[in-house]
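# A closer look at the structure
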Amino acid sequence: GWGPGRKGAFLLAQSLGCPSVRVPGEAEPPAPELVEAEVGGTALLTCGPSHSQSNFSHVDWFSVHKEKPTLIFRVRKGQGQSEPGEYQQRLSLQDRGTTLVLSHVTPQDERIFLCQVKRPQSQEHRIQLRVYKAPEEPTIQVNPLGISVSSKEPEEVATCVGKNGYPLPQVIWYKNGHSLKEEKDRVYIQSSQIVESSGLYTLVSVLKAQLVTADKDALFYCELSYRLPSGNHMKESREVSVQVFYPAEKVWLEVEPVGALKEGDRVEIRCLADGNPPPHFTISKQNLSTKEVEEMTPEDNGVLVLESAQKEHSGLYQCQGLDLETMASLLSDQQELLVNYVSAVRVSPAAPESQEGGSLVLSCEAESNQAVQFQWLREKTGQVLTEGPLLQLHNLKREAGGGYRCMASVPSVPGLNRTQLVHVAIFGSPWMTQKERRMWVQENAVLNLSCEASGHPRPTISWSVEGMAQEQDQEPQSVLSVLSVLVTPELLRTGAECVASNSLGRNTTTIFLELGKGLVLRHDSSRSTGLSTSTVSPSVRANGTSTEKKLPEPESKGVAIVAVTVCVLVLAVLGAVLYFFYKKGKLPCGRSGKQEITLPPSRKSEFVVEVKSDKLPEEMGLLQGSSRDQRAPGDQGEKYIDLRH
C-alpha cells in the first residue's frame with residue numbers, strides 16, 4: 001500500500017506538474033518508444049499511440065537528461081507554447097496537437113522525451129530519440145618510411161581517419177580483400193576517437209603489423225560501418241601499398257637487345273635482384289681466349305651501357321650483388337656476350353690503273369667470326385656487278401674509269417657489313433664534258449664560267465682570259481674549274497677558252513658569249529607589256545653531260561605556223577558573218593537604203609570590232625606578205641573593221 005510519506009510525495013509531484021515518480025515496489029514502466037532521426041533532419045515525437053482516447057488539449061512535454069526531466073513545451077486548449085531554453089526555437093505542433101515536431105536535430109538531442117496528459121486522467125508516454133550521422137569518406141595514409149621484414153615487432157602500416165560521424169563508426173582493416181583481426185605479436189589495431197565541438201565523432205585507427213617478403217605487393221584499406229534510420233551502411237577507403245624492405249635471394253643478368261649483336265650496336269648489360277632495395281652491383285667479364293677477368297662498375301641502377309659495342313666486348317659476363325645491410329654476397333649465372341664483326345675490307349690493288357683496251361682484276365678480303373659474302377658494285381649507279389671476292393674487268397674503255405665498291409656482309413646477322421671504295425683510272429688525255437658552249441649574257445655583269453675535264457693522270461685547267469678561278473675535285477681523275485669574270489666588250493668579242501692538259505695531251509672547251517635580246521609586244525593603244533627573253537643556243541656536246549643550266553629556248557617555227565593558221569580562220573569566219581549581214585540588208589555597204597544596227601543611243605558610236613594578233617613581229621610578216629612594206633609607220637599589226645558608218 002501507499003504510506004503517508006510516499007503518497008505525500010506523489011501528490012506533491014502531481015501538483016508541481018512533474019512526471020510521475022516510480023514508487024519502490026511498483027512494476028517497471030514500459031520501454032520507451034524508439035524514434036530515429038539524422039543530424040540536421042526532423043524528428044516527429046508522437047504522444048502515445050494513434051488510437052488513444054486521451055484528450056490532448058492539455059499536454060506537457062519534458063526532455064530527460066541524466067534522469068532529470070525538464071519542461072520544454074506546453075499544450076493548452078490545442079495551442080502550443082515553447083518554454084525558454086535550448087528547444088525554444090525548434091519545437092512545433094502537428095496532427096491536432098498529438099505530435100511534437102523537433103527540427104534541426106543535433107547529436108545532443110539523443111535522449112528520452114516524455115509527454116504527460118492531464119485529462120481525463122494523468123497519463124504519460126516516453127520516447128527514446130536516436131540520432132545518426134554518416135561519417136565522411138575515410139582517408140588513409142600509408143607509412144612513408146616503409147617497413148623492414150627484419151623488424152622484431154609490428155610496425156605501423158597505415159592510418160585510417162573517418163570524420164564527423166554519429167555515433168562512432170566501427171572500423172575493419174583489410175589486406176588483399178581479406179579482413180584482418182588482431183593477432184598477438186603480429187597484428188595490432190589501435191583506434192581512438194575525437195569528439196568535435198558539434199558533438200560528432202572523428203575516428204582514428206592505426207594498423208600495425210609484422211610484414212614478410214610476400215607482403216611487398218599487398219594492398220591495404222579500411223572500412224567504416226555505421227547505421228542510419230534507413231539501415232546499416234559502410235564506406236571504404238582507397239587501397240594502398242606499403243614499401244617493404246627485404247634482402248635479395250637471387251641475382252641474375254639480362255642483355256638488351258635480345259638476339260644477334262653486331263659491332264656498333266648499343267648494348268645494355270643489366271644486373272637484377274629480387275631484393276628491396278637492390279644490392280650494390282659489380283660486373284665481371286672473362287675473356288674467352290685468355291681467360292682473364294676484368295672488373296667493371298655499372299651505373300647506380302645496375303646497368304652497364306656499351307654505346308658502340310666492339311668485338312673486344314665479347315666474353316662471359318657475371319653480376320655480383322652485395323647487400324649492404326647484411327653484407328651477404330650473391331652471384332648470377334655467367335652469360336656469354338658475342339659481338340659479331342666484320343673487319344675492315346681490303347681491296348687489291350689499292351690504286352688500280354690501266355690503258356684503254358686493257359684488263360684489271362680486283363680482289364677483296366675481310367675477316368669475320370661468321371661466314372662472309374662479297375659483292376662488287378658500281379659506285380655511280382649502285383648496280384651489282386658480281387658476287388664473290390674477285391672483279392674482272394676486260395677491254396677497258398675510258399667510261400669504265402671511276403668508283404667500284406666491295407661489300408663484305410654476314411647474312412646470318414642482318415645489317416652487319418663493311419665496304420671499301422676503290423677508283424679505277426684509265427690512262428688518257430683530258431676528256432672535256434663539253435667541247436663548246438654559247439651563253440647569253442649582259443654587259444658589265446659578273447659571270448661564272450665553268451669547265452669540267454677528266455683524265456689520267458689528273459688534268460690541270462687554265463683559262464684564256466683573266467679572272468678568279470677556283471678548282472673543285474669531283475673524282476680522283478676529274479676536276480671542275482669555275483672562273484668569275486666581268487663581261488666586257490673585249491670578252492664579248494673574244495669569248496673564253498678553257499684548256500685542260502696532262503702528260504698525255506690537252507683538250508679545250510670554247511665558250512661564246514652574246515648579249516641577251518628582249519622582245520616587246522603591243523597589245524593595245526593604251527597599254528603595253530614588255531617581255532624580255534634570253535636564249536642559249538644548242539651546245540655542241542663532247543664526251544658527257546653539261547653541268548650548265550640552260551635558259552628556255554624560243555618558240556619553234558611550227559608553233560608560229562599554227563598560230564598564223566588560227567588567225568586566218570578567225571578572219572574567214574568574221575568575213576562570212578559580215579557577208580551574211582550584207583546579204584540580209586542589215587549592213588548598209590554601198591546601198592541606197594542605209595540602215596543601222598540597233599544599239600542603245602549611248603553606245604551607237606562605240607561599236608567597234610577589233611581583231612588583234614598576239615604574234616611576234618617576225619610571225620606577223622607571214623600574214624602580211626608583200627603588204628608589209630606598205631603599212632603606215634604607226635601600224636602595229638592591228639586590224640580594225642569600223643561598223644559605225
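How each quantity is defined
- Residues numbered from 1 in each chain as written.
- Predicted model: local features only at pLDDT ≥ 70, side-chain atom pairs only at ≥ 80, totals over all residues.
- Heavy atoms only, no water.
- UniProt positions renumbered as here; feature names shortened; annotations may be inferred.
- Helix = DSSP H or I, 4+ residues; strand = E, 2+ residues; numbered from the N terminus.
- Buried < 20%, exposed > 50% of the residue type's maximum accessible area, 1.4 Å probe, protein only.
- Contact = heavy atoms within 4.5 Å.
- Areas by Shrake-Rupley, 256 points an atom, 1.4 Å probe, with all protein chains shown as cover.
- Pairing = 2+ DSSP bridges.
- Axes fitted to C-alpha atoms, helices over the stretch in contact; angles between N-to-C directions.
- Polar contact = N/O pair within 3.5 Å; in protein donor to acceptor, adjacent residues only side chain to side chain.
- Salt bridge = Lys/Arg side-chain N within 4 Å of Asp/Glu carboxyl O.
- Phe/Tyr/Trp six-rings, centres within 6.5 Å; stacked < 30°, edge-to-face > 60°.
- Lys NZ or Arg CZ within 6 Å of the ring centre and 35° of its normal.
- Disulfide = S-S within 2.5 Å.
- pLDDT = per-residue confidence, 0-100.

The protein chain has the name Cell surface glycoprotein MUC18 in an unreviewed UniProt entry, where Neovison vison is given as its organism. What the UniProt record of the protein chain gives under Subcellular location (unreviewed entry) is the line "Membrane".

Along the protein chain, the regular secondary structure elements total four helices and 50 strands. Across the 645 residues in the protein chain, those meeting the buried criterion constitute 36%. Contacts spanning at least 24 positions in sequence make up 61% of the contacts within the protein chain whose residues lie at least 6 apart. Total accessible area computed for the protein chain in this model is approximately 38600 Å², and 51% of it derives from carbon and sulfur atoms.

Here we have three strands laid out as an open sheet, ordered 30-32-35, and antiparallel in their pairing. Because the sheet does not close on itself, it has two edges, and the strands there are strand 30 (346-348) and strand 35 (390-393). Averaged over all pairs of adjacent strands, the angle between strand axes in this sheet comes to 15 degrees, irrespective of strand direction. Here three bridges tie strand 30 to strand 32 (residues 360-365), and the two strands are oriented antiparallel to one another. Looking at the pairing, Ser 348 lines up with Ser 363 of strand 32.

Before going further, it helps to examine the environment of Trp 463. With respect to the secondary-structure elements, Trp 463 resides in strand 41 (residues 460-463). Between the alpha carbons of Trp 463 and Thr 508 there is a distance of 9.6 Å; along the sequence they are 45 residues apart. Those residues in contact with Trp 463 that sit more than four places away from it in its chain are Leu 449, Ser 450, Cys 451, Ala 469, Ser 481, Leu 483, Glu 497, Cys 498 and Ile 511. Here the side chain of Trp 463 touches Ser 481 through a polar contact of 2.9 Å, side chain to side chain.

Right, let's get into the pattern of salt bridges. Opposite charge on two side chains permits pairing when their charged atoms draw close. Under the defined criterion, the tally for this structure stands at 18 salt bridges. Note that Glu 110 and Arg 130 form a salt bridge whose closest N and O atoms lie 4.0 Å from each other. One end of the pair, Glu 110, is in the loop between strand 7 (99-102) and strand 8 (112-117); the other, Arg 130, is in strand 9 (residues 123-132), and 20 residues separate them in sequence. For Arg 130, a relative accessible area of 35% puts it in the partly exposed group. In this structure, the salt-bridge partner of Arg 346 is Glu 365, at a minimum N-O distance of 3.3 Å. Of this pair, Arg 346 sits in strand 30 while Glu 365 sits in strand 32, and the two are 19 residues apart along the sequence. Look at Arg 346 and you get partly exposed, because its relative accessible area is 38%. Through salt bridges with shared partners, a single ionic network connects Glu 256, Arg 266, Glu 268, Arg 270 and Glu 307.

Under the definition given, this model contains three aromatic pairs. Where Tyr 87 meets Phe 113, the ring centres are 5.8 Å apart and the plane angle is 80 degrees; that geometry is what we call edge-to-face. Placement of the pair is Tyr 87 in the loop between strand 5 (79-82) and strand 6 (91-94) and Phe 113 in strand 8, with a sequence separation of 26 residues. The class of Tyr 87 is buried, set by a relative accessible area of 2%. Seen from their ring centres, Tyr 174 and Tyr 221 are 4.8 Å apart, and the 5 degrees between their planes marks the pair as stacked. You can see Tyr 174 sitting in strand 13 (residues 170-175) and its partner Tyr 221 sitting in strand 17 (residues 220-228), a full 47 residues away along the chain. Taken as a pair, Tyr 174 and Tyr 221 share a single burial class, namely buried. Against the face of Tyr 341 rests Lys 311, its NZ or CZ located 4.6 Å from the ring centre.

Whether parallel or antiparallel, the strands of a sheet pair through hydrogen bonds between backbone atoms. Strands sit in the order 31-37-36-33-34 across an open sheet of five strands; the sheet is mixed. The sheet is open, and its two edges are formed by strand 31 (353-354) and strand 34 (384-387), each paired on a single side. Bridging between strand 33 (residues 373-378) and strand 34 involves three bridges; their strand directions are antiparallel. Pairing of Trp 376 across the sheet is with Thr 386, part of strand 34.

You can see Arg 270 is positioned in strand 22 (residues 267-273). On the accessibility criterion, Arg 270 (18% relative accessible area) is buried. Only 3.3 Å separates the side chain of Arg 270 from the side chain of Glu 256, close enough to count as a polar contact. A polar side-chain atom of Arg 270 sits 2.6 Å from a polar atom in the side chain of Glu 268. Non-local contacts of Arg 270, meaning those with residues more than four positions away in its chain, are made with Trp 252, Leu 253, Glu 254, Glu 256, Gly 302 and Val 303.

For the structure on display, the rule yields five disulfides. A sulfur-sulfur distance of 1.9 Å marks the disulfide that ties Cys 271 to Cys 319. Taking the torsion about the sulfur-sulfur bond, which here is approximately -80 degrees, the covalent link between Cys 271 and Cys 319 counts as left-handed. You can see Cys 271 sitting in strand 22 and its partner Cys 319 sitting in strand 26 (residues 315-322), a full 48 residues away along the chain. A relative accessible area of 2% means that Cys 271 is categorised as buried. By sequence order of its bonded cysteines, the protein chain has the disulfide arrangement 1-2, 3-4, 5-6, 7-8, 9-10.

Once that is clear, we can look at the confidence of the model for the protein chain. Within the protein chain, residue pLDDT values average 80, and 77% of them lie at 70 or more. Here residues 1-18 scores under 50 on pLDDT; set against residues more than four positions off or in separate chains, the count is 15 contacts. pLDDT under 50 marks residues 518-559. Its contacts with residues more than four places away, or in other chains, come to 71 contacts.

As judged from the four bridges shared by strand 10 (residues 139-142) and strand 12 (residues 155-165), these two strands associate in the antiparallel manner. Across the sheet, Thr 139 pairs through a bridge with Val 161, a residue of strand 12. Two strands pair when backbone bridges link them, and strand 12 and strand 16 (residues 201-209) are joined in this way by eight bridges, in the antiparallel orientation. Paired with Val 161 across the two strands is Val 204, which belongs to strand 16.

All right, on to unusual backbone geometry then. A cis geometry characterises the amide bond from Asn 276 onward to Pro 277, with omega recorded as -5 degrees. Structurally, Pro 277 can be placed in the loop between strand 22 and strand 23 (280-286). With an omega of 5 degrees, the peptide bond running from His 456 to Pro 457 counts as cis. Mapping Pro 457 onto the fold places it in the loop between strand 40 (446-456) and strand 41. Despite not being glycine, Asn 395 has its phi angle at roughly 50 degrees, a positive value.

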